Amino acid sequence: MPSFAASSPLATVSNWSPEYRWIPVAGGFVNFVWSVAVGANDVAISFGTSVGSEALTMLQAVMIAAVLEISGAVFMGNQAVVTSQSSLLSRPPPEVLLMWGLFIALIAASIWLGLGTFWELPVSSSLSMTGAIIGICVAAGGVQSIHWNKPESWLDVGGVLGIIISWIIAPLVAGISSFFLFGATKMTLLRPIGSKLRTLRAMPLYYGVTVMVVMSSILYERSPPARALQTIDSTRGSLIAGISGIVASVVAYLIVVPLASKRLGCFSESPNIEMPQQPPPQLKELKESSMIDGEGCDFRLAIVDSSNSLRKTADGVWTQFIEQHVLDTVYEEDGEGCDQSPISIMRSPACTPITFTQLLKQTPNQLVSFKRLRHVHNITPWQKMILFFENKIKATIHHSIEYEQDTLVRHAMAEKFDNQAEELFSFLLILLSCAASFSHGSNEVTTAMNPYAALLQLYTYHSEEAKQAIPISVLALGGIGVSLGFALWGWKIVRCIGGGITYLSPSRGFSAQLCALATVLLATKVELPVSALHILLGSIIGVGLADSMQNLNWMLLLVFLAAWVATLLVTSATAAGFYAFTIYSPSYVAW
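Rules used throughout
Residues numbered from 1 in each chain as written. Predicted model: local features only at pLDDT ≥ 70, side-chain atom pairs only at ≥ 80, totals over all residues. Heavy atoms only, no water. UniProt positions renumbered as here; feature names shortened; annotations may be inferred. Axes fitted to C-alpha atoms, helices over the stretch in contact; angles between N-to-C directions. Helix = DSSP H or I, 4+ residues; strand = E, 2+ residues; numbered from the N terminus. Parallel < 35°, antiparallel > 145°, perpendicular 65-115°, else oblique. Left-handed = near helix turned anticlockwise from the far one by under 90°. Contact = heavy atoms within 4.5 Å. Core = buried A, V, L, I, M, F, W, Y, C linked by side-chain atoms within 4.5 Å. Buried < 20%, exposed > 50% of the residue type's maximum accessible area, 1.4 Å probe, protein only. Salt bridge = Lys/Arg side-chain N within 4 Å of Asp/Glu carboxyl O. pLDDT = per-residue confidence, 0-100.

The chain appears in an unreviewed UniProt entry as Phosphate transporter from Sphagnum jensenii. Looking at the chain in UniProt, the text filed under Sequence similarities (unreviewed entry) is "Belongs to the inorganic phosphate transporter (PiT) (TC 2.A.20) family."

(A) Region of the structure containing the packing of helix 17 (residues 426-461) against helix 18 (residues 472-500). Packing of helix 17 against helix 18 brings their axes to within 9 Å, and their N-to-C directions diverge by 125°. Viewed along their axes, helix 17 and helix 18 adopt a mutual orientation that is oblique. As helix 17 packs across helix 18, the resulting crossing turns out to be right-handed. Contacts between helix 17 and helix 18 involve His-440, Val-445, Thr-446, Met-449, Tyr-452 and Leu-456 from the former and Val-474, Leu-475, Gly-478, Gly-479 and Val-482 from the latter.

(B) Looking closely at the nonpolar core. Of all hydrophobic cores here, the largest spans 121 residues; its most connected members are Trp-34, Phe-486 and Phe-560. Ranked by residues supplied to this core, first place goes to helix 17 with 15 residues. Look past the residues within four positions of Trp-34 in its chain and what remains in contact with it is Leu-106, Ala-109, Ser-110, Leu-113, Ser-125, Met-129, Ala-448 and Met-449.

(C) Representation of the pattern of salt bridges within the structure. One pass over the full model with this rule turns up three salt bridges. For Glu-120, the salt bridge is made with Arg-495, and the minimal N-O distance between the two is 2.3 Å. Here Glu-120 is found in the loop between helix 5 (95-118) and helix 6 (125-141), whereas its partner Arg-495 is found in helix 18, with 375 residues between them in sequence. The class for Glu-120 is partly exposed, based on a relative accessible area of 21%. Where Glu-415 meets Arg-191, a salt bridge forms, and the shortest distance between an N and an O atom there is 2.7 Å. In this pair, Glu-415 is assigned in the loop between helix 15 (405-413) and helix 16 (419-423) and Arg-191 in the loop between helix 7 (159-190) and helix 8 (195-219), connecting sequence segments 224 residues apart. Judged by relative accessible area, Arg-191 falls into the partly exposed class, the value being 42%.

(D) Region of the structure containing the confidence of the model for the chain. For the chain, mean pLDDT is 75; residues scoring 70 or higher make up 67% of the total. Scored below 50 in pLDDT, residues 1-14 makes 24 contacts in the model with residues more than four places away or belonging to other chains. Here residues 222-228 scores under 50 on pLDDT; set against residues more than four positions off or in separate chains, the count is 15 contacts.

(E) Main features of unusual backbone geometry. At Glu-54, a position not held by glycine, the phi torsion is positive, near 65°. In this fold, Glu-54 is placed in the loop between helix 3 (44-52) and helix 4 (58-76). The class of Glu-54 is exposed, set by a relative accessible area of 71%. Although it is not a glycine, Glu-120 adopts a positive phi angle of roughly 60°.

Have a look at this one:
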């Protein structure tokens, strides 16, 4: 009769059997879910700054990402499979147990990455998978199976400690460089009078540096499959990148600057003075007429700021009125305006000051939201299905990036520059975002597909020494999944990166993205295992510090730090728990 007996896990599963075929099949579905989670959480690295600064819409970012992520993964992501994670593991488990462990690692990392996206936390796919692999190996062979410190690089550290140190150093380098870059741009170009003309004259330099960084990122890919790129050494690659930057500067000087100056009219304009916009007709009537309050007290509009300086010009008064209307809307809570807003209205000397919210309540044309009653018609099932998909598209691809009141106030407090001068940085920011997306497809997507490719290799060859290239089908499936994930839920992390940390304009986004891409390039050159997400966040922090410390959401940054620590702990514990439960449980043995 059958009985239960405790047996060695390796003895139970060591013999390869056709029954294991379900593992790569089920692993394919889990791997696709994993790729969707990677796209939802990681692609915002490329387009968070451009969407947050309104250089691109969310729909445009989704369409560009779909093309670049898939093409980068398929055409530039042909890397060899790394099954044993040699930089981390000193003693990997046997092949059959490693195959099962990789399957569990995909499940554990997918769960945590999905939860991080739901909570709008950029937890990083590489960090999640690293934690899951560590948990599997600790459960299989104990803590001695992990290289906690393996001196193998110029830092004289390696293993887990080397990865953690590199995740600290790289964001610090990106933050310092973005701080100085945006600070110099702000002080020399954006803040002085005539910023449009100054920025336009500096565009050839910015175009040259941007193209040089982009070309370097393409030439120094980790394992490009094209033979023409494999034969390029560092010296020749630097020379090609430098020449490309010079050519881009010349083209920008001869073509971009004249076209932009004609469009913006920079050379026909003397000082850079912004004229107030014409107020709406309803507000114009209120502006031109005096008003009588309930006590019959005649008053004129006059605005007093926090320094009690009176602005007497009509245009200045009305510009401040419109700005205060926005601020009162931001400060408004539960339908009640904030009575301590920084700007107030002074009536005649006999009357007390009132806020704009109180003034709007006394005006007959106050803004009241209402819904029109409409007759509900019966619709067909086909129309219901169309309406369902339209609503889903509006909730995902067309999702509007909205922020909370505290974030809007932080954005309002940030220093603003000339809109046309900021617009000159938009194309450069889009170019950097596209380069970052292509690099993400060729590097990060390939790395994310590595566990499943290793699982397939272990099942096919029964060995981790085969060193086969990742199949193109796996890379294409990963690119499709990443694009789908960004289209469905990418707006969550875009909102977090693109405005939740600090206010981003095109010039700020350009500085952050350029320094992040350059730092990733430098880390790749010195073979440091870095996270592009951590580098970008460090770069954004540097831009925010160049503005003001008050413009940074420090509480959100602390939450990010806690989430990164929790990522290693949770994924390690989850993967180790699943592995131990399935391997070390008593086995059913028939006799």
